[in-house]
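The chain contents come next:
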Amino acid sequence: VPMRENGPKDPALRLPNTLSIGFKNVQSGELLNQIKNTVACSAGSACHASGGKVSDVLLAMKVPMNYAKGTLRLSVGPSTTIDEVDRAADIIIGEIKRQLKIEQSEEKSAMEEGET
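Quantities reported herein were computed from a predicted structural model and do not represent experimental measurements.

## A look at unusual backbone geometry
- Notably, asparagine 25 is not glycine yet its phi reads approximately 60°, a positive angle.
- Secondary-structure assignment places asparagine 25 in the loop between β2 (18-23) and α1 (28-35).
- The partly exposed category is assigned to asparagine 25, whose relative accessible area is 38%.
- You will see that lysine 62, though not glycine, has its phi angle at about 60°, which is positive.
- Looking at the element boundaries, lysine 62 is found in the loop between α2 (56-60) and α3 (65-68).
- A residue is classified by how much of its surface remains accessible, and lysine 62, at 70% relative accessible area, is exposed.

## Description of α1
- Listed in full, the buried residues belonging to α1 are Ser28, Leu31, Leu32 and Ile35. Projection of α1 onto a plane perpendicular to its axis shows the buried side chains occupying an angular sector of 100°, all on one side.

## Topic: the layout of surface pockets
- Taken as a whole, the largest pocket holds about 690 Å³ of empty space.
- In terms of lining, the largest pocket is formed by 25 residues, of which the most central are Leu74, Val85, Ala88, Ala89 and Ile92.
- Every element with two or more residues in the lining of the largest pocket is listed here: β2, β4 (71-75) and α4 (82-115).
- Counting residues per element, the lining of the largest pocket draws most heavily on α4, which supplies 10 residues.
- Along the lines of polarity and charge, the residues of the lining of the largest pocket split into 17 nonpolar, five polar and three charged.

Parameters at a glance
Residues numbered from 1 in each chain as written. Predicted model: local features only at pLDDT ≥ 70, side-chain atom pairs only at ≥ 80, totals over all residues. Heavy atoms only, no water. Helix = DSSP H or I, 4+ residues; strand = E, 2+ residues; numbered from the N terminus. Buried < 20%, exposed > 50% of the residue type's maximum accessible area, 1.4 Å probe, protein only. Arc of directions from axis to C-beta. 1 Å grid on protein atoms, 1.4 Å probe; cavity = no way out; pocket = protein on both sides within 12 Å on 5 of 7 lines; lining within 4 Å. Points joined across faces, edges and corners; volume = space filled by probe spheres on them. Nonpolar A, V, L, I, M, F, W, Y, C, P; charged D, E, K, R; others polar.

See the structure below:
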């Protein structure tokens with residue numbers, strides 16, 4: 001799954017406990033709905049706009065729209081374990097793969113319907 005870190009390239013300019021990551025062609029709202037009971041995260045930026053719009057912060061950072069729409073913000077605390085981070089990553093990746101598989105299946109069905 002194509003992804004990109006949002007924010008400064010220099011690690012010294014980043015918050016050490018926070019990751020903003022955009023997943024290409026993924027809808028963060030749908031992703032959050034599916035994982036909300038298992039992974040604590042949010043869509044977009046800390047200043048995320050309501051109503052499913054891409055946040056002004058991501059727009060100002062010039063995050064490409066196909067990544068901005070799929071942006072999650074994840075944070076860890078002093079008591080977060082490596083196992084918890086790994087488990088969260090597995091859950092997020094699994095849901096993204098499911099979402100993209102459904103999207104590809106719908107596109108294939110639409111193309112097949114157009115052929116008949």
